[in-house]
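The lines below spell out each chain.
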Amino acid sequence: KVMHNASDMKAKTKTKCGERVHIYANINLLSDLKPAREFKAEGVGLYRSEFPFIVRNDFPPEEEQYIIYKKLVEQMEGKPVTFRTLDIGGDKMLSYYSNVSEANPFLGMRAIRFSLQNRDIFCQQLRAFLRAGAGGGTRIMFPLISSVDDFVEARSIVYECMDELEEEGIPFSRDTQLGVMMELPSAVEVVDELAMEADFLSIGSNDLIQYMLAVDRTNEQVSKLYLAHHPAILRAINRIVSASETHGKDVSICGDLSADPRMLPFLLGVGLRRFSIDIVNALTVQRLVNSISLEEAEEMANAMLDFGRISEIEAYLIDCNLVDA
Ligand code: PEP
Ligand code: MG
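- Per an unreviewed UniProt entry, the protein carries the name phosphoenolpyruvate--protein phosphotransferase and comes from Pontiella desulfatans.

**Side note on the site of ligand 1**
Okay, so step 1: Leu46, Arg48, Asp87, Glu183, Gly204, Ser205, Asn206, Asp207, Cys254 and Gly255 make up every residue found near ligand 1.
Okay, so step 2: Elements supplying a minimum of two residues to the shell around ligand 1: strand E3 (44-48) and helix H10 (205-213).
Okay, so step 3: Among the elements that take part in the shell around ligand 1, H10 stands out by supplying 3 residues, more than any other.
Okay, so step 4: Across the shell around ligand 1, the residue classes break down as 2 nonpolar, 4 polar and 4 charged.

**A short note on the environment of Ser244**
Okay, so step 1: Counting through the fold element by element, Ser244 comes out in helix H11 (residues 231-246).
Okay, so step 2: Between the alpha carbons of Ser244 and Ile203 there is a distance of 11 Å; along the sequence they are 41 residues apart.
Okay, so step 3: The contacts of Ser244, once residues within four sequence positions are left out, are Ala195, Leu201, Lys249 and Val251.

**Considering the nonpolar core**
Okay, so step 1: Among the nonpolar cores identified, the biggest contains 86 residues, and Val180, Met182 and Ile240 are the most heavily contacted of them.
Okay, so step 2: Examining the composition of this core, we find that 7 residues originate from one element, H11, more than from any other.
Okay, so step 3: Beyond its immediate sequence surroundings of up to four residues, Val180 is in contact with Met141, Phe142, Ile145, Phe151, Ala187, Leu194, Ala198 and Leu201.

**Observations concerning the packing of helix H6 (residues 119-132) against helix H7 (residues 148-168)**
Okay, so step 1: Relative to each other, H6 and H7 sit at 60 degrees, their axes nearing to 10 Å. When the axes of H6 and H7 are compared, the pair comes out oblique. The element H6 and its partner H7 pack so that their crossing is right-handed. Every residue of H7 that contacts H6 at Arg119, Phe122, Cys123, Leu126, Arg127 and Leu130 is listed here: Ile157, Val158, Cys161, Met162 and Leu165.

Each value, and the rule that gives it
Residues numbered from 1 in each chain as written. Chains lettered and ligands numbered in written order. Predicted model: local features only at pLDDT ≥ 70, side-chain atom pairs only at ≥ 80, totals over all residues. Near = placed C-beta within 6 Å. Helix = DSSP H or I, 4+ residues; strand = E, 2+ residues; numbered from the N terminus. Nonpolar A, V, L, I, M, F, W, Y, C, P; charged D, E, K, R; others polar. Contact = placed C-beta atoms within 7 Å. Core = buried A, V, L, I, M, F, W, Y, C linked by C-beta atoms within 7 Å. Buried ≥ 20, exposed ≤ 12 C-beta atoms within 10 Å, placed from the backbone. Axes fitted to C-alpha atoms, helices over the stretch in contact; angles between N-to-C directions. Parallel < 35°, antiparallel > 145°, perpendicular 65-115°, else oblique. Left-handed = near helix turned anticlockwise from the far one by under 90°.

Put into structure tokens, the structure is as follows:
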């Protein structure tokens, strides 16, 4: 039997009734790793790989990316690491890549669309991820997937990269899990098929809210309309978790919603057990999870899923003392 020391135990988050909940770190910069390790995060649930691209003045070559990704994997000491492929465009622009100007960049050439259009850049990154994951335990997920077809195309490119690496005799792991970020309403509508195809799903609530509600997440003028507790969002999250359970696939949430104390009971109540969060919020989330029983959480989630109006949900959250009146 494995013995755990006291500090190891601290990392094992549980609800009041003893259900295990997993807290992973969102990592933007390698410097985020230190606090993540100090908290004893159970792994990296989202590595935003645009940062090595943003700080440079040209697309970084495979070797340079590999060094960064490898460092990330090594520093997590065998804990799972989920790499997200490049998510540029929208709010994350590259100074050296001047795409034709777009009237609606959030609806334009961003994220997986960019990768599928620019295969060389995509393959360099995939090869670097695969090589960094040679020891096993790493996963790759694709942002802004809008259809099963997007996912299948991205996956086939990963397979091509794997075959290439094999031919070249370069080590990597065939078992690298491939996942879908659930960020678009179209993906929610085909979530059953996505859950069948993918190894795992991860809810990107920042974009999911933006695209479901048609509210620009960067536009102050409409920030009051950017509501995680809109009934459509709650039902979408519930559908995603249910589909994952039905198809026996791992599901997690990595948007800012995963660290929102008002919504945590709901997220636990619909069945989410894996939260990838900005590590500054980890202790707060952990303590809150410790204070909630699943029975309470499920009751609240069911009640919230029944409401058709934002105002009803707001009144309910006030009733439950989750928000101030
Ligand atoms: C999200 O959309 O919720 C997400 C985690 O990705 P990003 O915030 O980087 O778009
Ligand atoms: Mg996103």
